[in-house]
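Here is what each chain is made of, one letter per residue.
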Amino acid sequence: MRDMMTFPFCQDRRPAFIPRRWALALALSMAGLGLVAPLDEAMARPAPKGKAVTAKGKAKPAASRAADPRPAMVLAPAPTLHHASGDLQVAATLRDRAQKSTLAWELLEQLTTEIGPRPAGSPNDARAREWAVQQLRRLGFPEVRQEAMPIRAWRRGPASVQVLGAFAQPLVATALGHSVGTPAGGIKAQVVRFASLAEMTRAEPSLLRGKIVFIDMPMARSRSGEGYGEVSQVRSKAAMEAGSRGALAVVIRSVGTDHDRLPHTGTMREDAAGPHIPALALSVPDAEQLTRLLKREPGLQLQLDVSTETNVAAESANVVAELPGKDPSKGWVTIGAHLDSWDLGTGAIDDGAGVAIVMSAAAQIQAHLKATGTQPERGIRVVLFANEENGFEGARHYEQLHGNEPHQLIAESDFGAGKVYQVASRIGDAAQPLMPSLVQVLAPLGVAWGDRDAWSGPDAAFLMNRRQWPTVELRQEGGDYFDWHHTANDTLDKVDAKALAQNVAAWSVMTWLAAQSPVSYARDAQPAGAAVTGAPAPAAAAASGAATLPSGSELPAGASGAAAHTPSQSGSQSSSQASAAEPHAGQPLASRHAAAAATHPVTHPVTHQAAHQPARHVSAKGKSAAHARGKASVSKAVAKGHASRRR
Ligand SMILES: [Zn+2]
């Protein structure tokens, strides 16, 4: 989809003629003159270590400075803009009720226990949708429906990886989403190891030809999950890159931060032109085992036997629930999560938690409306997206049906149930002065202001890029998320009920105040003639629609508790933008989110009709008729390369 590659890199720019440090100096003098409203003490925290700009006016590194986002004139806030005090009181009540409510836990417990794994297009996917519809009706939403779409499903069969020769032994592995199977008799070949995707793509193709490529790139643990952005590229591109260089198959070290003997699955990108080769993830201990074995026997061979079904014509749907607003022209406040999960676990952290959080947050608001006989200013819409994990049809279908409706906000919860510690925005300058009062209501939850570089879960990120819709991000503790993500260990016991309720409280407040806002959150258009700084979006991110990579939040390393700086009404003082040379630099949250969005293969909508039959792969080279049919529907074009997100 070439049109996806034309997104502007960023909509929010300071005119090039106003250097960042002048803008900051202006802000500081205005604060001194009392032109900037005093901020609540809870928000007035010192800038964390490593912040790009200090109060002394120390400049950021050039790459960051170049990307300063905002016109200097907006440093003067509109001092009179605030939420109605009644709305703030309701927000505080919603917050307190949500913290005491067990609704989210009950929903998550039901979804993960009664339905469990729900890969898109499976019978459990349909059962999950029926469950969601039933629960949303029970919770009193006046409008609940499914918005159906055709999808291209994928089914996992058995996979085995055997070390041959003197050190013969089995390794633990699982297939990656959309992987083809091995031909009858499997694949037996020598292994060639690379420490990164870049190392592989630089290698002489003759080194890869006829081999099993092994990419052994570890993922670093971090609070924000920022390591995912880069390492998930191995998963998403290894098969495509290795296949085009003549490799027979690819095995990767799992994209995860654990040392459990459980592989992490995940989707991957495909090149319609092929060739399509089997792709598997080894558990982290097995990847380390293989590396040690290769030191002992550099010519080591593996036997791979993998069975999958690809391009299975199936149907799924977004589940949508609405609380109508007083004025439809003011746009929707859309909060979402994805209902599908991988097949290995029960989809508790990914993304049952998000489903429970947004359903419960909206239900809290619905209960308030019912009790008071009122309507929100703007409609509130809950969307449980279809097939976020392995196709992305849900987000695309939402755009098809609702892309032309005004949106006050879109946000997606898709990072487990770790506590929310920070709030960030990506809204217009006109609405930014409302953020301090949002932070005030969130402060008792341990949530502090972040910056204006908010991002969101993959479906929402895709839509934000496509439609320039605003968002407010509730950043969560995610240091352990990638221990379990996409594994058999993604189960209910990984969720803390209190942290889940804290998420619901934060989402209730954020959603309610967005719906009641006295002004639109609409993002500002890029000023005419403003220099576009920063890097062009990585092509693959563009392909998925996740092209506009915001800069990272620059969280203090190892910080705990609420971070970090004040919700400047004047714009982001902490923002930085990746340089062209380093598409991931300084983009923790953004990277995580965009990576998730970007790894989703993008299919041409028309080609869905091309795949009618389950294709049982019997040929690694994709010679079966079924495979040939499948090829037509496999990722159309779409750019090579990519970057960032989520989740
Ligand atoms: Zn997810």
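It should be noted that the structure appears before, not after, this text.
Source: prediction; values computed, not measured.

Enquirer: What is the right way to look at the nonpolar core in this model?
Expert: Nonpolar side chains in soluble globular proteins tend to be buried together. Of all hydrophobic cores here, the largest spans 103 residues; its most connected members are Phe141 and Val213. When neighbours within four sequence positions are excluded, Phe141 is seen to be in contact with Leu136, Ala321, Glu322, Leu323, Met359, Ala362, Ala363 and Val382.

Enquirer: What is the right way to read the side chain of Glu270 from this model?
Expert: Within the secondary structure, Glu270 sits in the loop between β6 (249-253) and β7 (279-282). Note on Glu270: relative accessible area 10%, which makes it buried. A distance of 3.3 Å separates a polar atom in the side chain of Glu270 from a polar atom in the side chain of Arg152.

Enquirer: Could you clarify how one ought to interpret the coordination of the zinc ion in this entry?
Expert: Expected angles at a metal are 109.5 degrees for tetrahedral coordination by four donors and either 90 or 180 degrees for octahedral coordination by six donors. Bound to the zinc ion on the protein side are His338 (NE2), Asp350 (OD), Asp414 (OD) and Asp414 (OD), at distances that span 1.9 to 2.4 Å. Each of the four donor atoms bound to the zinc ion contributes to angles spanning 55 to 146 degrees, and the resulting shape is irregular.

Enquirer: Quick question: what am I supposed to make of helix α4 (residues 103-115) here?
Expert: For an α-helix the count is 3.6 residues per turn, leaving residues at separations of three or four pointing the same way. In a regular helix each residue adds 1.5 Å, so 13 residues correspond to 18 Å; α4 covers 17 Å between its end C-alpha atoms and thus fits that length. Residues of α4 that are buried: Leu103, Ala104, Leu107, Leu108, Gln110, Leu111, Thr112 and Ile115. On its buried face, α4 is in contact with α5 (123-138), α10 (348-372) and α15 (497-516). Gly116 lies just past α4 and shows a positive phi near 75 degrees.

Enquirer: It is not clear to me how the environment of Asp258 should be interpreted in this structure. Could you clarify?
Expert: Topologically, Asp258 is positioned in the loop between β6 and β7. In contact with Asp258, not counting residues within four places along its chain, are His264, Val284, Phe482 and Asp483. At 2.6 Å, the side chain of Asp258 forms a polar contact with the side chain of His264.

Enquirer: Help me understand the sheet that holds strand β13 (residues 448-449) in this model?
Expert: Within a sheet, each strand pairs with its neighbour through backbone hydrogen bonds, oriented either parallel or antiparallel. Here three strands make up an open sheet; going across it, the order is β13-β12-β14 and the pairing mixed. One side of each edge strand has no neighbouring strand; the edge strands of this open sheet are β13 and β14 (471-476). Of the strand pairs in this sheet, strand β12 (residues 420-426) and β14 are connected by six bridges, and their pairing is antiparallel. Each residue of the ladder has a partner; that of Ala424, found in β14, is Glu473. The strands that helix α12 (residues 435-442) touches are β12, β13 and β14; relative to β12, the one it contacts most, it runs at about 165 degrees. Relative to β14, α15 is tilted by about 165 degrees, and along the sheet it contacts β12 and β14.

Conventions and cut-offs
- Residues numbered from 1 in each chain as written.
- Predicted model: local features only at pLDDT ≥ 70, side-chain atom pairs only at ≥ 80, totals over all residues.
- Heavy atoms only, no water.
- Core = buried A, V, L, I, M, F, W, Y, C linked by side-chain atoms within 4.5 Å.
- Buried < 20%, exposed > 50% of the residue type's maximum accessible area, 1.4 Å probe, protein only.
- Contact = heavy atoms within 4.5 Å.
- Helix = DSSP H or I, 4+ residues; strand = E, 2+ residues; numbered from the N terminus.
- Polar contact = N/O pair within 3.5 Å; in protein donor to acceptor, adjacent residues only side chain to side chain.
- Donors = N, O, S within 2.8 Å, 3.2 Å for Na, K, Ca; no water.
- Tetrahedral: all angles 85-135°; square planar, octahedral: opposite > 155°, others 65-115°.
- Expected span 1.5 Å × (residues − 1).
- Pairing = 2+ DSSP bridges.
- Axes fitted to C-alpha atoms, helices over the stretch in contact; angles between N-to-C directions.

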